[in-house]
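Here's the letter readout for the chains.
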There are 2 protein chains.
Amino acid sequence: MYVLIVYDVDEKKVAKVNKYLKTYLNWVQNSVFEGELTEAQLNRIMLWFKGHLDLESDSVLIYTASSQKWLSKRIIGIEKNSTDNIL
Amino acid sequence: MYVLIVYDVDEKKVAKVNKYLKTYLNWVQNSVFEGELTEAQLNRIMLWFKGHLDLESDSVLIYTASSQKWLSKRIIGIEKNSTDNIL
């Protein structure tokens, strides 16, 4: 399935979350990742979040579509993921 | 169509962008809005962005699905939009 993850977490956890999500997904903007995942992978990511985040103050939105074809993307301004290599 | 907008803009513009997007969409997380829009409304929003943002440094991602039914949403942690009324 195609997955879009947008997080808003305590600043101190941002680097750790980015590093973890980059093993599964493409970074597309500050705190936004997207890509293809299996249900099992998504479940693993959700478990990781539950173990590493403060569920009283951090927030993660996970949007899923059965296929990328249901989702169109337009970009205004710069494509931040073009700097992915230097992160 | 169902629209999800995620922006990463200069801090000084955040309040203005939020105020504008709230006239069309629901705020769901810091810098994330979603909701139903017509093609004409989305075009108006895109024009507004092009007129108010710095296209060399700001970034806006716009995801669209023909219907909300193609998109599922899961939330981990807090639902930030529950504070919508006090913004």
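Source: prediction; values computed, not measured. (Residues numbered from 1 in each chain as written. Chains lettered and ligands numbered in written order. Predicted model: local features only at pLDDT ≥ 70, side-chain atom pairs only at ≥ 80, totals over all residues. Heavy atoms only, no water.)

## What to know about the overall build of chain A
Item 1. When its secondary structure is counted, chain A shows 2 helices and 5 strands.
Item 2. Taken against the 2.2 N^0.38 rule, which gives 12 Å for 87 residues, the C-alpha radius of gyration of chain A at 13 Å falls within 12% of a compact globule.
Item 3. A principal-axis box enclosing the C-alpha atoms of chain A has dimensions of 30 × 30 × 20 Å.
Item 4. Relative to all contacts within chain A whose residues are 6 or more apart in sequence, the contacts with residues 24 or more apart total 72%. (Helix = DSSP H or I, 4+ residues; strand = E, 2+ residues; numbered from the N terminus. Rg over C-alpha atoms; globule rule 2.2 N^0.38 Å. Contact = heavy atoms within 4.5 Å.)

## Things to note about the packing of helix 1 (residues 14-21) of chain B against helix 2 (residues 39-52) of chain B
Residues and elements named next belong to chain B.
Item 1. Across the interface, helix 1 lies against helix 2 with an axial gap of 12 Å and an inter-helix angle of 165°. In terms of their interaxial angle, helix 1 and helix 2 are classed as roughly antiparallel. Crossing of helix 1 against helix 2: the hand is right-handed. The segment helix 1 lies against helix 2, with Lys16, Val17, Tyr20 and Leu21 engaging Arg44, Ile45, Trp48, Phe49 and His52.
Item 2. For the contact of helix 1 with helix 2, a count of residues per class yields 6 nonpolar, 1 polar and 2 charged. (Axes fitted to C-alpha atoms, helices over the stretch in contact; angles between N-to-C directions. Parallel < 35°, antiparallel > 145°, perpendicular 65-115°, else oblique. Left-handed = near helix turned anticlockwise from the far one by under 90°. Nonpolar A, V, L, I, M, F, W, Y, C, P; charged D, E, K, R; others polar.)

## Focus: the interface of chain A and chain B
Item 1. In this assembly, 37 residues from chain A lie in contact with 37 residues from chain B.
Item 2. Counting the surface lost from both chain A and chain B, the interface buries some 3,400 Å², and carbon and sulfur atoms represent 57% of this.
Item 3. In terms of surface lost to chain B, no three residues of chain A exceed Tyr63, Arg74 and Ile76 of chain A, which account for 25% of the buried area on that side.
Item 4. Across the salt bridge formed by arginine 74 of chain B and glutamate 39 of chain A, the nearest N and O atoms sit 3.7 Å from each other.
Item 5. One can count 18 residue pairs in polar contact (both at pLDDT 80 or more) joining chain A with chain B. (Buried area = accessible area lost by both parts, 1.4 Å probe. Salt bridge = Lys/Arg side-chain N within 4 Å of Asp/Glu carboxyl O. Polar contact = N/O pair within 3.5 Å; in protein donor to acceptor, adjacent residues only side chain to side chain.)

Shape descriptors only; they carry no functional weight alone.
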